[in-house]
Amino acid sequence: MQRRDLLKRSAAGLTILRSGMLRGQTAPSNRLNVALIGVWGRGTAHYNALRNENVVALCDVNELRMKEAAPLFPKAKTYVDWRRLLDQKDVEAVVICTADHHHAFIANWALNRDMHVFCEKPLGISVEEARVVRANYLKRKAKVATQHGTQRHAYPNFERIRELILDGAIGELKTVHSWDARQLPRPGYPEAEGQPPAGFHYEQWIGPSPYHPYSPQYFGGSNGLNCLFWNMYRDFGVGQMGDMGAHTMDLVWNAIDAQAPISADVDFEVSDKFHPDICPVKLKAIFEHPANSWRGPVKLVWYQGGLKPEAPKGYINLERVGNGAIFEGTKGSIFADFTTRVIIPNNDDGDMTYYKRRAPGETLPLVNGTGMPTQMTAAPQRPPQGQGRRPQQQLPPGFTAMPNATPKPGGFPEIQFVNGKIPAALGMPNDVVPGILEAEKSGQPPRRIDPFQLEWLAACKGQNANAAFGTSSKTHCDFDYSGTMIEQMLLGLVAHQAGKKLDYDPVNGRVTNMPEANDWLKRKYRAGWTLNG
């Protein structure tokens, strides 16, 4: 198959309004019955989109968060246990914004009930979890729509990079480097401290993971950033491999049409030593992928914790790019971050006559048809609070600054308390709800809803049914495309634990040169919890 042949598949049958909304999408007869699981944090990013649907259920382990969101979704039933919510018969779709160690469980249970699923990243925190959810989706993909929460994919840059590589702007693709610079070391699990606040169901938060006693250290973050306080602990997350690693690898994955890798290795000279409880900060992982229908074999190299590749030219300073990628081909390289890209020919005198730029009508379809533009022809007016931007949070009484996950000399971050006893993530007020209500009351126009969310909602309603975007269907980041991406990242952690290069069978999900490593592809769950419920 020729590379350009892959580019002729696009979504059809959509009428896109200037606002980014689909015509008729939110008519009363065309509203979706949705459950929001995880009401604060990333959950608040879905409020505006879900206001146009029927939110029939809310679930959160913190009762305070459901009370705060009730004015936006007054008809929703409330739950602290997502397992009970999934028994509610009128739920058609779920949005999953919980802690990472619940993601695969909720997604798989929802798919078992033929529900549409939007799941924030990562899709799971073990190779087995990612594979189970992906396989369940593939059995039901004709009936359900899925989207994995790598919302940066809506930037047009993602498709422009894919076009350049498919069209041969750098020749034959050989190697791709990508990285994240965040560094949040932890010395180990925190010791028991205090008691959970009233209304916070800590046992339910622990869920399927091995029990660890309550500590405010897990809940010291502000809205949308509390994951940084627990995702370095292996029973609750996978560190940057599933956080910014998911976003950055998405930039790569979209361009190469890969499945799970055939090997995973780690550069142990520069990476942190394996710790059984804590995810590595510094890690350099190398993955090999076989040839596909339009390219030869490629090597992907992942760097994190301040490690980075060599810049393609001496005048490029990678230290100024926290998250980025370098695509290396036989004729040049593409240096990119989430929103921009630069082509650098290998030959300084290269005229690029080998590259044939596509016509405007041949460009790849953006997320929901519009994407999320990052450059404007005219400077837009700064939107009011509660609309196009999140209002600046007010510091609660007694706080000296917004919460910060960077560790202090003792190895853990400083935790600030609301009313002297409730850690920030459990007690800081939800400032998004009043912003939305005040804007609606004043008659301000609705904010532009994230096209990444709109694309999923449209697919849930049967639109985009025949659309294909690379290896993804209906949406740009379905659980097939995203499942193999997360599987690769998690396999890198297994190679780190193994201390050697692992040969991997991506079809059967087995390590073939170290049998004991197959035990590390999965994790142990507490009694009473099952991944397949």
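Higher on the page you've got the structure.
From a predicted model like this one, the values you see are computed outputs, not experimental measurements.

Peer 1: Explanation requested: the pairing of strand β2 (residues 54–59) in the structure shown.
Peer 2: A regular strand places its side chains on the two faces of the sheet in alternate fashion. Where burial is concerned, most of β2 is hidden: five out of the six residues are buried. Pairing of strand β1 (residues 33–37) with β2 involves five bridges; the strand directions are parallel. Each residue of the ladder has a partner; that of N33, found in β2, is N54. Across three bridges, the pairing between β2 and strand β3 (residues 77–79) is parallel. The residue of β3 that forms the bridge with L58 is T78.

Peer 1: I would appreciate a short explanation of the pairing of strand β9 (residues 283–289) in the present structure.
Peer 2: The element β9 is largely enclosed, with a buried count of five among its seven residues. Pairing of strand β8 (residues 263–266) with β9 involves four bridges; the strand directions are antiparallel. Pairing of D265 across the sheet is with I286, part of β9. Pairing of β9 with strand β10 (residues 298–304) involves seven bridges; the strand directions are antiparallel.

Peer 1: Would you mind showing me how to read the layout of surface pockets here?
Peer 2: Put simply, the second largest pocket is a space of about 580 Å³. Lining the second largest pocket we find 23 residues, and of these R234, Q497, W520, K522 and R523 sit closest to its centre. Here the lining of the second largest pocket gets four residues from one element, more than from any other, and that element is helix α12 (residues 479–498). Residue composition of the lining of the second largest pocket, by class: 13 nonpolar, three polar and seven charged.

Criteria and thresholds
Residues numbered from 1 in each chain as written. Predicted model: local features only at pLDDT ≥ 70, side-chain atom pairs only at ≥ 80, totals over all residues. Heavy atoms only, no water. Buried < 20%, exposed > 50% of the residue type's maximum accessible area, 1.4 Å probe, protein only. Helix = DSSP H or I, 4+ residues; strand = E, 2+ residues; numbered from the N terminus. Pairing = 2+ DSSP bridges. 1 Å grid on protein atoms, 1.4 Å probe; cavity = no way out; pocket = protein on both sides within 12 Å on 5 of 7 lines; lining within 4 Å. Points joined across faces, edges and corners; volume = space filled by probe spheres on them. Nonpolar A, V, L, I, M, F, W, Y, C, P; charged D, E, K, R; others polar.

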